[in-house]
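# Structural features, examined
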Amino acid sequence: MKRTLNKVLVIGLGLIGGSFAKALKARHLVDEVIGYDLHPAECELGLQLGVIDKQATSLLDAVAEADLVMLAVPVKAMESLLETIAPALRSDTLLTDAGSTKMNIIEAAQRVFSVVPGNFVPGHPIAGAEKSGVSAANADLFERHKVILTPLPDTSSLAVTLISELWQSLGAEVLQMEPQRHDEVLAATSHLPHLLAFSLVDTLAHEEENKDIFRYAAGGFRDFTRIAASDPVMWHDICQANRDALLDQIDQFTTGLSRLRQAIDTEDGQTLLGIFTRARIAREYFSTLLTGTAYELPSPNSPSIAPVKGEDNPGE
Ligand code: NAD
């Protein structure tokens, strides 16, 4: 049986929550979009900007009357928020989130509810920006972007269908993944690249000659500085929430960087050319995947990214 969603409550009216609210309103998908934020000024601004219809004065009253509750707060804030709202959730309230990590939020829900509610559909929109706050809300942020849902075996299939259809109505392509796999994939494709940007920009900013480094910044470094301008609290939370998968990726990257360093030090041109060639071929391989609908990483054993002939590859 189909359900209509009349009232949607967005908790955490920042870039993602604000964009979700604004997108729902712009497409007239629900009757009322209510906003709640730890900082009431964000909701007041959200009202002024037409991002929400109403500002929640009491969080628990707003939860009790909502058909759908979207949690869009930093990932380490999810557990205490779940604890606060748990008593007001109705048995038929749909609950979802937009957090960048999934296992920690599912474990938090397990601690709060003992059994993760069947109406909770964990999710992660793969869309964003280096901006934060409701003033950056964009009704088209999710258009042609992927949203990964990580339902559990006991998640209600009706709830998954409703959340999927809602994201699709916002122009997103919805995929499903095991939560653990989600965290591993995102550690490699998003979390590690962000950490490299933070580390590179922080390291270079400490250099004596830093003015010149920033003054003459060309394309590559400019992109790193853009990524490194991402919200510090959000990334602090992601590092703690996805610790194990991230440490794994950092270790693999450190091994790869050491190999590159050694090849430069020993003037081992064959290894250098091997690394650069493989990386270039990998990009071509990724381009095909990026234009398709799959969200799978190529296997390291894929023939197209195998080591070039004659090159030592300690990674395999
Ligand atoms: P943001 O900083 O723009 O907004 C977060 C909002 O949550 C802020 O307005 C803050 O005041 C509010 N907040 C914090 N704790 C709260 C609480 N306990 N109760 C109510 N409100 C609270 O951050 P964002 O970029 O919108 O990120 C929100 C979530 O979406 C995070 O979990 C993040 O991991 C995830 N996400 C972010 C991006 C991105 O690129 N920014 C992309 C995908 C997913």
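Let us look at the structure shown here. It should be emphasised that the depicted structure is a prediction, and the values quoted were computed from it without experimental measurement.

### Remarks on the overall build of the protein chain
When you go through the protein chain residue by residue, the secondary structure sums to twelve helices and nine strands. The buried share among the 316 residues of the protein chain stands at 42%. Across the protein chain, contacts joining residues at least 24 apart in sequence account for 73% of those joining residues at least 6 apart. With the model as given, the accessible surface of the protein chain reaches about 16,700 Å², and the carbon-plus-sulfur share is 54%.

### Topic: the sheet that holds strand β9 (residues 173–176)
Taken together, three strands build an open sheet; the order of strands is β7-β8-β9 and the sheet is mixed. In this open sheet, the two edge strands, each paired with only one partner strand, are β7 (123–125) and β9. For this sheet the average axis-to-axis angle between neighbouring strands, irrespective of direction, equals 20 degrees. Across four bridges, the pairing between strand β8 (residues 146–149) and β9 is parallel. Pairing of Val147 across the sheet is with Val174, part of β9. The strands touched by helix α6 (residues 157–169) are β7, β8 and β9; relative to β8, the strand with the most contacts, the crossing angle is about 170 degrees.

### So, the pattern of salt bridges
Under the defined criterion, the tally for this structure stands at 15 salt bridges. Among the ionic pairs, Lys7 bridges to Glu65, the shortest N-O distance being 2.7 Å. Here Lys7 is found in strand β1 (residues 7–11), whereas its partner Glu65 is found in helix α3 (residues 59–65), with 58 residues between them in sequence. You can call Lys7 partly exposed: its relative accessible area is 24%. Taking the relative accessible area as the measure of exposure, Glu65 reaches 30% and is therefore partly exposed. Here Arg226 ties to Glu130 by a salt bridge, and the two come within 3.4 Å at their closest N and O atoms. Here Glu130 lies in the loop between β7 and β8 and Arg226 lies in helix α9 (residues 219–227), a separation of 96 residues in the sequence. Each member of the salt-bridge network shares a partner with another, and the members are Lys7, Glu32, Lys54 and Glu65.

### With respect to the site of the ligand
The immediate surroundings of the ligand are formed by 25 residues, with Ile16, Asp37, Val73, Ser100 and Gly133 found nearest. Here an oxygen atom of the ligand sits 2.9 Å away from a polar atom, N or O, in the main chain of Leu15. A distance of 2.6 Å is found between an oxygen atom of the ligand and a side-chain nitrogen or oxygen belonging to Ser100. Relative to its unbound accessible surface of 830 Å², the ligand loses 88% to contact with the protein. Listing elements by their share of the shell around the ligand, those giving two or more residues are α1 (15–26) and β7. A per-class count over the shell around the ligand returns 14 nonpolar, nine polar and two charged.

### Section: unusual backbone geometry
One non-glycine residue, His28, lies in the positive phi region at around 50 degrees. Mapped onto the fold, His28 is located in the loop between α1 and β2 (32–36). Judged by its relative accessible area of 71%, His28 is exposed. Here the phi dihedral of Arg144 falls at roughly 60 degrees; this positive angle occurs in a residue that is not glycine.

### Side note on the nonpolar core
Membership of the largest hydrophobic core comes to 37 residues, with the highest contact counts inside it found for Phe20 and Trp167. No other element matches the six residues that α6 contributes to this core. Residues in contact with Trp167, not counting those within four places in the same chain, are Phe20, Met70, Pro125, Phe142, Val147, Leu149, Ala172 and Val174. Val73, Ala88, Ile105 and Phe120 belong to the second-largest nonpolar core, a separate cluster that totals 25 residues.

### Structural notes on the sheet that holds strand β6 (residues 120–121)
Pairing in this open sheet of six strands is parallel, and the strands run β3-β2-β1-β4-β5-β6 from one edge to the other. In this open sheet, the two strands that pair with only one neighbour each are β3 (54–55) and β6. Two strands pair when backbone bridges link them, and strand β4 (residues 68–71) and strand β5 (residues 94–97) are joined in this way by four bridges, in the parallel orientation. Counted as the bridge partner of Leu68 is Leu94 from β5. Strands β1, β4 and β5 of the sheet are contacted by helix α4 (residues 78–85), whose axis makes an angle of about 155 degrees with β4.

Reading the values: the criteria
Residues numbered from 1 in each chain as written. Predicted model: local features only at pLDDT ≥ 70, side-chain atom pairs only at ≥ 80, totals over all residues. Heavy atoms only, no water. Helix = DSSP H or I, 4+ residues; strand = E, 2+ residues; numbered from the N terminus. Buried < 20%, exposed > 50% of the residue type's maximum accessible area, 1.4 Å probe, protein only. Contact = heavy atoms within 4.5 Å. Areas by Shrake-Rupley, 256 points an atom, 1.4 Å probe, with all protein chains shown as cover. Pairing = 2+ DSSP bridges. Axes fitted to C-alpha atoms, helices over the stretch in contact; angles between N-to-C directions. Salt bridge = Lys/Arg side-chain N within 4 Å of Asp/Glu carboxyl O. Near = heavy atom within 4 Å. Polar contact = N/O pair within 3.5 Å; in protein donor to acceptor, adjacent residues only side chain to side chain. Nonpolar A, V, L, I, M, F, W, Y, C, P; charged D, E, K, R; others polar. Core = buried A, V, L, I, M, F, W, Y, C linked by side-chain atoms within 4.5 Å.

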